[in-house]
Amino acid sequence: PAALAAANGALARIGVLPLRADALARLARIDTVVFDKTGTLSLPGGELRVESFDGLDDTVALRIAAALERDSAHPLAAAFHAALPIGDTVATGVVEHPGAGIEGVVDGRRWRIGRAGFAAAAHADDGSIWLGDGERAAARFLFDEAARGDAAATLASLRKLGIATELASGDGEAGVARFASALGIAAAQGRLSPEAKLAHVRALQSRGHAVAMVGDGINDGPVLAGADVSFALGDGNALAARAADLVLAAPNLLRIPQAIVLARRTRAVIRQNLAWALAYNLLALPAAALGMVSPWQAALGMAMSSLLVTANALRLARVPAP
């Protein structure tokens with residue numbers, strides 16, 4: 001208990017909030033970390049480019065997209081709002097289809113925005129966000145996403161700890177592959193539905209891997225709950241945070257390898273304390289039973305043993321270097 005209390009205090013000081021009592025114990029065992037892309041390894045939003053079709057004005061396409069994305073928690077939704085404030089344009093009957101997109105009625109016409117197969121089935125999926133009626137495309141939106149400033153350092157730190165890193169995203173495969181290559185991630189998969197992300201993690205677990213998942217969106221909820229241990233970004237979706245084991249209070253990815261180092265140190269300290277307690281009792285109890293130890297010596301020995309265990313546990317209060 002002393003070791004866990006000290007370790008949880010150190011976690012809080014680096015901005016990692018454990019939501020499950022056994023999160024540290026499970027974190028110490030992981031050998032693979034799977035990351036979501038958009039909003040997790042990449043910065044929310046990104047530079048937005050518009051291609052409109054059939055004479056539709058770019059501004060009109062942006063206005064429709066912004067109305068549909070008004071209440072979306074997806075990180076890319078912010079890019080539409082930043083490019084064109086919604087103003088008086090309102091979408092009604094809005095329905096979100098996880099892993100596919102959003103549909104709703106704008107100015108009396110039903111629109112869909114999302115992946116090509118959902119918004120514009122006549123077009124091949126190229127990783128862009130499409131606006132259409134379900135069959136024909138009205139516009140295509142392309143994003144130039146940038147990695148978070150600490151993403152590369154975080155991945156390098158995890159590799160130094162002997163932990164494999166993977167990327168699993170619902171975005172287009174081509175864009176995911178380019179992003180993963182830029183960060184040096186060898187294993188990357190795109191166009192994964194929430195169920196497919198969970199199936200991928202289950203497959204890793206079936207091969208004997210202990211998997212940590214890092215995500216921020218509502219679509220990451222199932223896989224965050226299904227991983228051996230999971231991190232949610234504090235500025236992400238609230239449902240993702242509820243499904244996770246640990247929450248990063250600030251979106252600082254370097255806290256993940258710090259937390260893993262702390263978890264491994266905690267496991268080592270607990271084993272040291274248990275080993276000392278076992279050895280002490282194996283030596284002290286027979287001596288006391290045979291009358292070789294006086295009562296005051298036994299009391300002093302027990303107090304010294306407890307102090308030693310507590311002092312060893314307090315070493316965990318030191319925050320690991322980032």
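Residues numbered from 1 in each chain as written. Predicted model: local features only at pLDDT ≥ 70, side-chain atom pairs only at ≥ 80, totals over all residues. Heavy atoms only, no water.

Undergrad: Tell me about the overall build of the protein, and please be specific about residues and values.
TA: Across its full length, the protein holds 13 helices and 13 strands. The C-alpha atoms of the protein give 26 Å as radius of gyration, which overshoots the globular expectation for 322 residues (20 Å, by more than 25%). In terms of overall dimensions, the protein has C-alpha extents of about 100 × 40 × 30 Å along its principal axes. The buried share of the protein, reckoned over its 322 residues, is 45%. Sequence separation of 24 or more characterises 59% of the internal contacts of the protein that already satisfy a separation of 6 or more. Carbon and sulfur atoms provide 60% of the accessible area of the protein, an area that totals close to 14900 Å². Of the side-chain charges in the protein, 30 are positive and 30 negative, and the distance between the mean point of each set is 12 Å. (Helix = DSSP H or I, 4+ residues; strand = E, 2+ residues; numbered from the N terminus. Rg over C-alpha atoms; globule rule 2.2 N^0.38 Å. Buried < 20%, exposed > 50% of the residue type's maximum accessible area, 1.4 Å probe, protein only. Contact = heavy atoms within 4.5 Å. Areas by Shrake-Rupley, 256 points an atom, 1.4 Å probe, with all protein chains shown as cover. Lys, Arg positive; Asp, Glu negative; His and termini not counted. Charge placed at Lys NZ, Arg CZ, Asp CG, Glu CD.)

Undergrad: Tell me about the packing of helix H12 (residues 255-289) against helix H13 (residues 295-314), and please be specific about residues and values.
TA: The interhelical angle for the contact between H12 and H13, taken along N-to-C directions, is 170 degrees, at an axis separation of 9 Å. Looking at the two axes, H12 sits roughly antiparallel to H13. Contacts between H12 and H13 involve Val 269, Gln 272, Asn 273, Trp 276 and Tyr 280 on the former and, on the latter, Ala 298, Gly 301, Met 302, Ser 305, Leu 308, Val 309, Asn 312 and Ala 313. Here the contact of H12 with H13 is built from residues that sort into eight nonpolar, five polar and no charged. (Axes fitted to C-alpha atoms, helices over the stretch in contact; angles between N-to-C directions. Parallel < 35°, antiparallel > 145°, perpendicular 65-115°, else oblique. Nonpolar A, V, L, I, M, F, W, Y, C, P; charged D, E, K, R; others polar.)

Undergrad: Account for the nonpolar core, with residues named and values stated.
TA: Counting 42 residues, the largest nonpolar core has Ile 30, Phe 35, Leu 41, Phe 231 and Ile 256 as its most contacted members. Sorting elements by how many residues they give to this core places H12 first, with six residues. Setting aside residues no more than four positions away along its own chain, Phe 231 makes contact with Val 16, Leu 27, Met 213, Val 214, Gly 215, Leu 224, Ala 244, Leu 246, Leu 248, Ile 256 and Ala 259. (Core = buried A, V, L, I, M, F, W, Y, C linked by side-chain atoms within 4.5 Å.)

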